[in-house]
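Here are the chains, one letter per residue:
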Amino acid sequence: MADLVVRAYNVGFGDAIHVEVPDRDRSGKEVRRHLVVDIGNVLSGRGSEDDVFLPVVKDIAERCDGRADLYVLSHEHLDHAQGLLYASAKGVDLAADHVWLPASAAPDSYEKHPAARRKRLAVLEQLEHIRGLLAAAPELATPQMRHLLANNNASSTQDCVEHLRGLARRPSYVWRGRRLRRGMDHPFHEARLQLWAPEEDTSVYYGRLPPLAPALASKRPPTPAGVDGRAFGRLVRSWTEGVGDSILAIDKAANNSSVVFTLTWRGWRLLVPGDAELRSWQIMDRRKVIGPVDFLKVGHHGSHNATPPDDVLDRLLPRESKRRRVALVSTHEKVYNAVPHPPTLDRISTRVDELLTTQDVAPGEAVEVRFPG
Amino acid sequence: MIVSVPVMSQDVTLTDDPDIGRWMSLADWFVMKGEEPYYDGPVSRRVAVVDLDHRTGALRPGARFDDGRPRGETSKYVVEEGDRDEWGVGEIARIEADAFLQTSVFGTVVKTLKMFERAPMLGRRLTWGFGREQLLVVPRAGDMANAFYDRDTGSLQFFSVPTEDPDGRPIHTALSHDVVAHETAHAVLDGICPELYDAITPQARALHETFADVTSLLASLGDVYRLRMELDLEGRSLRSSTTFGRLAEQLGQHLGAAVGADALRDANNACTLDPDDNSHDRHGRPNFVGGIAAHDLSMVMTGAIYGVFRRLAQAERKRLEGGIPRSLAKLELGPVGLGAHLAAQRVARSVARARAHLPPGETSFADFGRAFLVADRLDHPRSPEPREWLVGELLARAVVERRDDLDVPASWPDLEGWDGPSALSSSAEARRLVSRNRALLGIPDKARYAVRTYDTGRGQVVVRVTWQVKEDNAATRDLAPERSVATGTTLVAETSTGRVLSLLASDSTADPRQVADRGRMLRWLADEDLLVDERDAVGPDGRPLREPIVARAVRGTMRLSGGARMVHCIGLPGLG
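Computed from a predicted structure; not experimentally measured.

Quick look at the packing of aromatic side chains now. The full count for this structure, using the stated rule, is 13 aromatic pairs over all chains. On the basis of an interplanar angle of 55° and a centroid distance of 5.0 Å, the ring pair of W268 of chain A and F371 of chain A is categorised as tilted. Taken together, the residues span a long stretch of sequence, with W268 of chain A in strand β9 (residues 268–272) and F371 of chain A in strand β13 (residues 366–372) at a distance of 103 residues. Ring centres of F65 of chain B and Y77 of chain B lie 5.2 Å apart, and the angle between their planes is 50°; this geometry places the pair in the tilted category. Separated by 12 residues along the polypeptide, F65 of chain B in strand β4 (residues 65–66) and Y77 of chain B in strand β5 (residues 75–77) bring together distant segments of the chain. Pair check on accessibility: F65 of chain B and Y77 of chain B agree, each one buried. An aromatic cluster is defined as three or more aromatic residues linked by ring pairs; in this entry it consists of Y38, F65, Y77 and F106 of chain B. Positioned above the aromatic ring of W175 of chain A, the side-chain terminus of R178 of chain A is 5.7 Å from the ring centre.

Let's shift gears to the interface of chain A and chain B. Between chain A and chain B, the contact holds 49 residues from the first and 45 residues from the second. Taken together, both faces of the contact between chain A and chain B bury some 3900 Å²; the carbon and sulfur share is 57%. In this assembly, chain A and chain B are joined by 2 salt bridges. Where E241 of chain A meets R546 of chain B, a salt bridge forms, and the shortest distance between an N and an O atom there is 3.5 Å. Inspection of the region where chain A meets chain B yields 10 residue pairs in polar contact (both at pLDDT 80 or more). Residue assignment for the side of chain A that touches chain B shows that the elements contributing at least two residues are α5 (114–136), α6 (143–151), α8 (215–218), α9 (229–238), α10 (243–256) and α11 (278–286) of chain A. Here the residues of the side of chain A that touches chain B sort into 26 nonpolar, 12 polar and 11 charged.

A few words now on the packing of helix α7 (residues 294–321) of chain B against helix α10 (residues 365–379) of chain B. Residue and element names in this part refer to chain B. The interhelical angle for the contact between α7 and α10, taken along N-to-C directions, is 20°, at an axis separation of 11 Å. Between α7 and α10, the angle falls in the class roughly parallel. Relative to α10, the crossing made by α7 is right-handed. Taking contact as the criterion, the partners of L297, V300, M301 and I305 in α7 are, on α10, F365, F368 and G369.

Moving on, we come to a positive patch on the surface. On the surface, a cluster of positive charge is contributed by R448, K470, R552, R555 and R559 of chain B. Turning to its location among the elements, R555 of chain B is positioned in the loop between β18 (549–554) and β19 (557–561).

Here we come to the side chain of R33 of chain A. Inspection of the secondary structure puts R33 of chain A in strand β3 (residues 30–41). Of note is the side chain of R33 of chain A, whose polar atom sits 3.0 Å from the side chain of D23 of chain A.

Rules used throughout
Residues numbered from 1 in each chain as written. Chains lettered and ligands numbered in written order. Predicted model: local features only at pLDDT ≥ 70, side-chain atom pairs only at ≥ 80, totals over all residues. Heavy atoms only, no water. Phe/Tyr/Trp six-rings, centres within 6.5 Å; stacked < 30°, edge-to-face > 60°. Helix = DSSP H or I, 4+ residues; strand = E, 2+ residues; numbered from the N terminus. Buried < 20%, exposed > 50% of the residue type's maximum accessible area, 1.4 Å probe, protein only. Lys NZ or Arg CZ within 6 Å of the ring centre and 35° of its normal. Contact = heavy atoms within 4.5 Å. Buried area = accessible area lost by both parts, 1.4 Å probe. Salt bridge = Lys/Arg side-chain N within 4 Å of Asp/Glu carboxyl O. Polar contact = N/O pair within 3.5 Å; in protein donor to acceptor, adjacent residues only side chain to side chain. Nonpolar A, V, L, I, M, F, W, Y, C, P; charged D, E, K, R; others polar. Axes fitted to C-alpha atoms, helices over the stretch in contact; angles between N-to-C directions. Parallel < 35°, antiparallel > 145°, perpendicular 65-115°, else oblique. Left-handed = near helix turned anticlockwise from the far one by under 90°. Patch = residues over 30% accessible without salt bridge, like charges linked within 9 Å, V, L, I, M, F, W, Y side chains within 5 Å. Areas by Shrake-Rupley, 256 points an atom, 1.4 Å probe, with all protein chains shown as cover. Lys, Arg positive; Asp, Glu negative; His and termini not counted. Charge placed at Lys NZ, Arg CZ, Asp CG, Glu CD.

Below, the structure is given as structure tokens:
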């Protein structure tokens, strides 16, 4: 009997997931469907080599005759989005019959959701402020800051998203609760797909951005008459100090907007949560979508804040279950502090039969998990 | 020196209320004294508006101070006059102008501060909690639906909400009387109860919000002009939710669609801690508050206090329907308005004075309830009804399980070693007195404690004794197995005789619900990356992160610092 096969490629600090799903076509004939979720990696430093995308895309393309059935972009971060555009520029292409993009990528998304639009504009403005502050204080432009800024670079991300948008005749913008139509959004006759996140209105994922005023980094206004000079200086400085907090908040909002979906096939249930962080998990929990799964792609490369707390994890991976369960983390050491997070991986490993990591294979190679039909 | 300052007296949306009518002014003059020197800004000794442009970092020109005294005129801050009709009726100021925004926020901050300092309330000049004399006020700190008091910078920062209005005018939180009064109250409370600022217990954080909301609400009700204009004086009932019960109308209406309410928070509520309560408010929101978000939780206590106010206002109204004393007739209010005014004064005073009796550290709603009962009893020994109403409210809202949970003794033992006012004349003397009365104050053996004293200015001295206790830190054991929590006792005594007027210790560390809620709060903070281990407290730019609370493990015990920046004016559902 044909197996469902999950392949997670070692692309450094990033994701590239390929799922081969036995299915049937309209006439009932057995076929193998190819689902691809994200291809990308961090943009500089360790784990960032782009050339690794070439053998990965080539391998996937060979397996599916150059055309995936469904390509899913989990969220608009370059380390999840840039692989196909890069490979295409080098002459290695992968097409797709269906493409899922997060709802926030829809051209009319911000028209329909003014609150999300305001938040997005605030983020774009804040990113400009951050760049302004880094220009005035270059010592703040650490490698981590450069990673985060590059990853959240709106114009670069747009290029990648445009490429993905063009893969299929008509992309599907997805959110929790959206009806998924066979033929329109996906090809599956047997497997079932369910969206757990994101919310259609992504404004719920944005946190607070501290005030930043880059102009104050280079030129402080004189203390007005009658105002306590030291206090005024402290206030002015505070408006240049929230750079780290800001970029983390912006990065988190994008992560929390991840497409989180399950694929259920012949009794096996797979969960692919992108980089959804705890706020997204809290909202999924409130929406009561969370249920047991047999395969978990560990969120956000194994960071501590993308795996839900124990009470939720117990529902996702119940301890008393007798089913075989596998978790897989796609990650790379020493790129970000405490990622992957060993205590988080320990929490998961006590609930699964195997916890696999892409670090166990060479770059460009894949870790494979099989689920028998 | 007397200075006139134009201030916003009402949120813009209220003038659209058909019950109130469009004849009510948005702006009015507030007359202040005793804050000299004055400069353009406005800037005074204790409050300074610095209108920084968050985009450019430039400082906008401040409202001009006109010292009219050389011409024999009242000093004032100059603003552009508003439009007037052919009868000369109109606004005293052009509301949209920069100068009015600056003067209004300045005047409202000072007005709120003065309200606390007046004899019926605290009766003394207040100091800020951040160790400097001057509070900075930034009226346009950025674009978002928020405002906050920040102890670190000694500032109030107000933000603006862009709207979809065709004329594109943002909503300035600095122009909302309620929002400004609320944030000022946070700053005032930080000067009176600084330990509350760093508290992690959800009810303690919520008390900060309750105090700020009640202040802003009761400030409106204590404002005779506003009462005259808004309360139609005949038959208007406070039972239904009036404009007074609804805080920050304009901002709330703008955000209303998202939060399902037409005002940011409604003090006239039935919010409860009873998990078996399945009732809902008029917007369909459950009355049971099971979460730990300070703004949501505060509605339980705010609702209880408003309930007391409402009943007191009705009782006063009934009394005044029999005739208004000549001393009150000059206020030109009917029984309804006068009843509300007098009730607001009493409740506001008891709320403000309760702060002096509140135990230090991690306090609870029940702690505040007892403090209120003591404060109110001291001022109104022969009028117990409001105290009984408060007990009833707190029982009905499941803040306590039994009446006797709120019992406070009628009297306390005398202090040992009291030898006159000099017994508390210095910190060394205070420590000696505390040491002699260790058992009375409930200080555990071997506990190291801190003593803080201050004179209330009403012949009373407050002695706050704080120590740390350890709790199991199950919820955030990854940070440390135990956590250190502040608790203590507050003693209030007559300065001249040493007679103990109150002695209240917190129940927060003994109450399993508070212990559990602290765990929930810490877990939520950690999950949101707002509580970080000190090793992770450095941002990607190499600098300390400003937003999170930092957890430091000292010999297996977690100690926290920072984080009160989270005590914000506006809390939206779903956010902490």
